[in-house]
Amino acid sequence: MIDALQEKAEDAASFLKMLASAPRLMLLCHMANGETNVGQLADLTGMRMPTVSQQLALLRAQGLVRTRREGTTIYYSLDSEIAQDVLALLEKHFCPPEAMAARKGRRLETTGAG
């Protein structure tokens, strides 16, 4: 394991640096619930739209999010299995059970399941 990590240590460190920012972490958490746009992310996080756009550009450059354009609106979604796994682990250890239940309910609403 150590030899394998040695080869990928820089990649792992870069990935963890992206997650080490509270604003970026919150954006990723919201995108884990499904596709969303800059305005929605600004409303959900309380950040200004230019700040959200700047953080999304960094996340996109690292390959953690993808975009889809619909007319003039650009939608962002999580595009990293590693990030999804880490967010699930963080949710397990840092989010209260009632927040997790609410998140799962929102996910069902957005997918049409349930």
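An unreviewed UniProt entry lists the protein chain under the name Metalloregulator ArsR/SmtB family transcription factor, with Stappia indica given as the organism.

Caption draft 1: Structural view of the sheet that holds strand 2 (residues 65–70). Here we have three strands laid out as an open sheet, ordered 1-3-2, and antiparallel in their pairing. Edge positions in the sheet fall to strand 1 (36–37) and strand 2, since each of these pairs with one other strand and no more. Note that strand 2 and strand 3 (residues 73–78) share six bridges and pair antiparallel. Across the sheet, the residue bridging to R69 is I74, located in strand 3. Against the sheet, helix 2 (residues 22–32) makes contact with strand 1, strand 2 and strand 3, and its axis sits at roughly 95° relative to strand 3, the strand it touches most.

Caption draft 2: The pattern of salt bridges, seen in detail. Overall, the coordinates contain four salt bridges when judged by the stated rule. A salt bridge links D11 to K8, with the shortest nitrogen-to-oxygen separation between them at 3.8 Å. In this pair, D11 and K8 both sit in helix 1 (residues 2–19), three residues apart, roughly one turn of the helix. For R68, the salt bridge identified is with E35, shortest N-O distance 2.6 Å. Linking R68 in strand 2 with E35 in the loop between helix 2 and strand 1, this pair joins segments that are 33 residues apart in sequence. Residue R68 is classed as partly exposed on the basis of its relative accessible area of 34%.

Caption draft 3: Expanded view of helix 2. Among the residues of helix 2, R24, L27, L28, H30, M31 and A32 are the ones counted as buried. G34 lies just past helix 2 and shows a positive phi near 140°.

The rules behind the values
Residues numbered from 1 in each chain as written. Predicted model: local features only at pLDDT ≥ 70, side-chain atom pairs only at ≥ 80, totals over all residues. Heavy atoms only, no water. Pairing = 2+ DSSP bridges. Helix = DSSP H or I, 4+ residues; strand = E, 2+ residues; numbered from the N terminus. Contact = heavy atoms within 4.5 Å. Axes fitted to C-alpha atoms, helices over the stretch in contact; angles between N-to-C directions. Salt bridge = Lys/Arg side-chain N within 4 Å of Asp/Glu carboxyl O. Buried < 20%, exposed > 50% of the residue type's maximum accessible area, 1.4 Å probe, protein only.

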